[in-house]
2 protein chains.
Amino acid sequence: MNIPDIDLPRVVVIGAGFAGLKLARQIDTRFYQLVLIDKNNYHTFQPLLYQVATAGLEPDSIAYPVRKTLRKKKNMYFRLTEVNQVKTQEKIVSTSMGELKYDYLIVATGATNNYFGIDSVEENAMPMKTLTEALNLRSKMLQNFENALNINDLDKRLELMNVVIVGAGPTGVELAGAIAELRNRILPKDFPDLDFRQMEIHLIEAAPRVLAAMSKQSSERAYNYLKKLGVNIYTDMIVESYDNNLVKTKSGKEFKTDTLIWAAGVAADHPDGFGDDLRARGNRLKVNEYLQLTNNEDVYVLGDAAYLETKDFQNGLPMLGAVAMQAGAYLAKQFNRKARKKKIHPFKYKDKGSMATVGRNLAVVDLKNSKLGGTFAWLTWMFVHLMLLVGFRNRVIVFINWVWNYIRFNNGLRLIVRPYKKKEDASN
Amino acid sequence: MNIPDIDLPRVVVIGAGFAGLKLARQIDTRFYQLVLIDKNNYHTFQPLLYQVATAGLEPDSIAYPVRKTLRKKKNMYFRLTEVNQVKTQEKIVSTSMGELKYDYLIVATGATNNYFGIDSVEENAMPMKTLTEALNLRSKMLQNFENALNINDLDKRLELMNVVIVGAGPTGVELAGAIAELRNRILPKDFPDLDFRQMEIHLIEAAPRVLAAMSKQSSERAYNYLKKLGVNIYTDMIVESYDNNLVKTKSGKEFKTDTLIWAAGVAADHPDGFGDDLRARGNRLKVNEYLQLTNNEDVYVLGDAAYLETKDFQNGLPMLGAVAMQAGAYLAKQFNRKARKKKIHPFKYKDKGSMATVGRNLAVVDLKNSKLGGTFAWLTWMFVHLMLLVGFRNRVIVFINWVWNYIRFNNGLRLIVRPYKKKEDASN
């Protein structure tokens, strides 16, 4: 790879997600040469992906070009390529653009979908982890409604219209709520010749409650909000297979749908080169309190890819954007301290709370000492997400879209810009 | 096709471009059942496609869902499907969703790229007529810069960076200007390790001047603006072939580039079923002054698909958005008059002038009695295009983007959302 050799330690960061981007922005490149690698040329604001899938936001407003963020930094190189393997012995990353030596490696590769070994789901379900996947979902649902118009058999028609979402974590809950609002308010006006009262939205969760990682109170509130919007909720239910538009569950209940959205699990996603002994739950790489990979002090792992047990989190820190951002900021600071020969501190995750939105005026927020719901929680959710978006332009555009959608009850972006096609496109 | 049979004449419109959409919005559906068919579920504002290709606007802001436009109309059906054939004898259109009888057929299918029979160009060039094509072009140029970083051979690197545009009509001129501005101001900051002073933008035109359809004065102004931005202009030059990244011209001059953009010609695009005797220059269908297809009084042709000779336009009305919009509005009015048994008038095109923008503060406008240039023309151009956009939300978003780009010298949307891949994707 074409990166100049200079007289500074080279830090190679894989992944421009929350953790990698934060680190790249805050590390002092007077002391380090930084090479940031990602397979996309943009950073994705994943918490709002579900709004792209449900026609509330345009993809460009929740993505931000990596190069634009890093413009003013010297000794900073971005490369758009895929990392195939890491050779920790030789301190080399091997990419589609060739090999690159590193002095320090930072693995911030995030997570991908976890299908728990169910092949039929992996093959036929719609995932929701990337911008392309969110656009595919938007296209597919809209295409299905268009095609349903031409089908006389009611069962077949409902198969195209019904949606099953597996996983009632924040993504599943937010999607279910947004799709329900589309069905209740917007789609009937778009498709006067389809009967949307018949369309069903099923949300299936293996745990005993929705938003299982949040407080009982927020979980119950979210349940009620979803019910109010007309979502069918099934807890303690495990999906077994999904073939020929038929969802089978362990409890015997079956669903017919052309659209199964998989939001049930994530697993860490990292290049080859890390032995089994380095991995823990969810394929994550075990790190010490300095976020160094076990037995590899030149390799750091951040965010969803890392597994760090703490007193409060005996199963490892949660795979959340907040953890990733804090880890990125922490590590940049330690690198900057190290360059100045200052003492290095261990990483401490500060839990600032969590939140999820279900719909118009409906959200839940867990803070340390209080649980919020309703309109106030919803406004809080919007404010926090706006502030977290990278780029002032994106904030303005998202804000205008939200105000617009709120006043007009009308998400404007119901476009099938590239038709969804199974397989071929799914890999993009 | 599932369209209810009711006791009103059925008007089938193929194409939701400027002409078809205008007609659909203005026809009185108390007197007619209207079926609008398009292969996309959105209307594209083609005049701004070049800004999507050059990362100035997001695709969603120049597209508008057809269903949203037609919401409040009764007896109005939209179908997302492709028309394969028209059977004028049986008064049937044959689509991928099945057949449909019509009482009146309105062909508003617009135009597609015309490669003048040069296969190598058709195979290897980038067209710029649809939203997908514009996005492909954006992705391809950005990918090429990313890849150029990893290439040491200067010639090979420039092959990836250089751009050749064929056709100096409004699209070619606007693209050349926008790409030159990217090169001059924005890309060098994004890619500090690429030398953009070496990147060349070539604009090739077969006619003796750029913007040949506009006045001599505007043509000269545009030429000077392009020169000022550093575009190489070649008039009276005809492209012969484009293979292995080599553009050959009749005059012998050759160009090496991975990106040849074809903006050199359009031809009417309509389904099978119209005999050769019905066609004129550019594959257009010959119509009479009521826009009726020759010898088929139940078939009307509007916009780019129609060929109508007039006193002022001996080679047929120009293939312009303005003609299409006027034709759509005209025909809706005549249908509404006919329903009320009023007299039908012939179509009269009112030439309100033409314009093109080259870059920041640089545009040309031809009006009947005056030719404008510079900042005033540029502001006029922006105002007119904003007003022509469908949808208030789109206008606001485009306006904000323009103001933003103007103040910050920074088009924000340099995202490769779906990588461009030859063939597979090109057909989407």
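Residues numbered from 1 in each chain as written. Chains lettered and ligands numbered in written order. Predicted model: local features only at pLDDT ≥ 70, side-chain atom pairs only at ≥ 80, totals over all residues.

Let's shift gears to the overall build of chain A. Secondary structure summary: chain A contains eleven helices and 26 strands in total. Taken over C-alpha atoms, the radius of gyration comes to 22 Å for chain A, in line with the 22 Å a tight globule of 428 residues would show. A principal-axis box enclosing the C-alpha atoms of chain A has dimensions of 70 × 50 × 45 Å. Looking at chain A as a whole, 51% of its 428 residues qualify as buried. A sequence separation of at least 24 residues applies to 65% of the contacts in chain A between residues at least 6 apart. (Helix = DSSP H or I, 4+ residues; strand = E, 2+ residues; numbered from the N terminus. Rg over C-alpha atoms; globule rule 2.2 N^0.38 Å. Buried ≥ 20, exposed ≤ 12 C-beta atoms within 10 Å, placed from the backbone. Contact = placed C-beta atoms within 7 Å.)

This brings us to the sheet that holds strand S19 (residues 279-280) of chain B. Residue and element names in this part refer to chain B. Overall, mixed pairing links the three strands, which are arranged S19-S20-S23 in an open sheet. Unpaired on one side and paired on the other, S19 and strand S23 (306-307) mark the two borders of the sheet. Where S19 lies against strand S20 (residues 284-286), two bridges are found, and the strand directions are antiparallel. Counted as the bridge partner of Ala280 is Arg284 from S20. (Pairing = 2+ DSSP bridges.)

Attention now goes to the packing of helix H1 (residues 18-26) of chain A against helix H9 (residues 321-339) of chain A. Residues and elements named next belong to chain A. Interaxial distance between H1 and H9 falls to 7 Å at its minimum, and their mutual angle equals 25°. In terms of axis orientation, H1 runs roughly parallel to H9. The two elements H1 and H9 meet at a crossing, and its hand is right-handed. Taking contact as the criterion, the partners of Phe18, Ala19, Gly20, Lys22, Leu23 and Gln26 in H1 are, on H9, Gly321, Ala324, Met325, Ala327, Gly328, Ala329, Leu331, Ala332 and Lys333. (Axes fitted to C-alpha atoms, helices over the stretch in contact; angles between N-to-C directions. Parallel < 35°, antiparallel > 145°, perpendicular 65-115°, else oblique. Left-handed = near helix turned anticlockwise from the far one by under 90°.)

This next bit is on the domain arrangement of chain A. Splitting chain A by domain gives domain 1 (10-39 + 81-113 + 267-339) and domain 2 (119-260 + 360-427). Using C-alpha coordinates to define each centre, domain 1 of chain A is positioned 31 Å away from domain 2 of chain A. (Domains from an automatic or database assignment.)

In this section: unusual backbone geometry. All names here are of chain A. One non-glycine residue, Ala55, adopts positive backbone phi at about 70°. Considering the arrangement of structural elements, one finds Ala55 in the loop between helix H2 (49-53) and strand S4 (63-65). For Ala55, a count of 23 C-beta atoms within 10 Å puts it in the buried group.

Residues and elements named next belong to chain B. Residue position: Leu100 is located in strand S8 (residues 98-101). Along the sequence, Leu100 and Val86 sit 14 residues apart, while their C-alpha atoms lie 9.8 Å from each other. The residues contacting Leu100, other than those within four sequence positions of it, are Met1, Ile3, Val12, Val35, Ile92, Val93 and Thr95.

Each partner contributes to the interface: chain A provides 40 residues, whereas chain B provides 40 residues. Listed by contribution, the elements that provide at least two residues to the side of chain A that touches chain B are S4, helix H3 (66-70), helix H5 (131-148), helix H7 (170-190) and helix H11 (392-408) of chain A. Counting residues per element, the side of chain A that touches chain B draws most heavily on H11 of chain A, at five residues. Partitioning the side of chain A that touches chain B into residue classes produces 19 nonpolar, nine polar and twelve charged. (Nonpolar A, V, L, I, M, F, W, Y, C, P; charged D, E, K, R; others polar.)

All names here are of chain B. Here three strands make up an open sheet; going across it, the order is S14-S15-S16 and the pairing antiparallel. Either end of the sheet is taken by a strand with one partner, and the two such strands are strand S14 (239-243) and strand S16 (254-256). Geometrically, the sheet is characterised by an average inter-axis angle of 15° between neighbouring strands, direction not taken into account. Where S14 meets strand S15 (residues 246-249), four bridges bridge the pair, whose relative direction is antiparallel. Bridge pairing in S15 places Tyr242 opposite Val247.

All right, on to the pairing of strand S2 (residues 33-38) of chain A then. All names here are of chain A. Here S2 lies mainly inside the structure; six of its six residues are buried. Inspection of the sheet shows strand S1 (residues 10-14) paired to S2 by five bridges, in the parallel sense. Following the sheet pairing, Arg10 is matched in S2 by Gln33. Of the crossover connections in this fold, the one passing from S1 over H1 to the parallel S2 is right-handed. (Right-handed = clockwise from strand over helix to strand, strands pointing away.)

To continue, consider the nonpolar core. Core analysis: the largest hydrophobic core is formed by 280 residues, its most contacted members being Ile106, Ile261 and Leu302 of chain A together with Ile106, Ile261 and Leu302 of chain B. Non-local contacts of Leu302 of chain A, meaning those with residues more than four positions away in its chain, are made with Ala19, Gly20, Leu23, Ile106, Ala108, Leu291, Ala324, Ala327, Gly328 and Leu331 of chain A. (Core = buried A, V, L, I, M, F, W, Y, C linked by C-beta atoms within 7 Å.)

Looking at the secondary structure, you find Lys72 of chain B in the loop between helix H3 (66-70) and strand S5 (76-80). For the pair Lys72 of chain B and Leu149 of chain B, spaced 77 residues apart in sequence, the C-alpha separation works out to 53 Å.

Looking now at the environment of Asp351 of chain B. All names here are of chain B. Along the polypeptide, Asp351 turns up in the loop between helix H9 (321-339) and strand S24 (354-359). Residue classification places Asp351 among the partly exposed positions, given that 16 C-beta atoms sit within 10 Å. As for Asp351 and Val93, which are separated by 258 residues in sequence, their C-alpha atoms are 33 Å apart.

Another aspect to go through is the relation of the copies chain A and chain B. Mapping chain A onto chain B calls for a rotation angle of 180° and an axial translation of 0.0 Å; the resulting RMSD is 0.0 Å. The relationship between the two copies is best expressed as a two-fold rotation axis. Residue Ile397 of chain A of chain A places its C-alpha closer to the rotation axis than any other residue of that unit, at 3.4 Å. (Least-squares fit on C-alpha atoms with pLDDT ≥ 70 in both.)

Residue and element names in this part refer to chain B. Both faces of strand S11 (residues 163-166) are covered, namely the face carrying Val163 and Ile165 and the face carrying Val164 and Val166. Pairing of S11 with strand S12 (residues 201-204), which is carried by four bridges, proceeds in the parallel orientation. Paired with Ile165 across the strands is Leu203, a residue of S12. Regarding topology, helix H7 (residues 170-190) serves as the crossover connection from S11 to the parallel S12, and that connection is right-handed. With four bridges connecting them, S11 and strand S17 (residues 259-262) associate as parallel partners. Its bridge partner being in S17, Val163 is matched across the sheet by Thr259.

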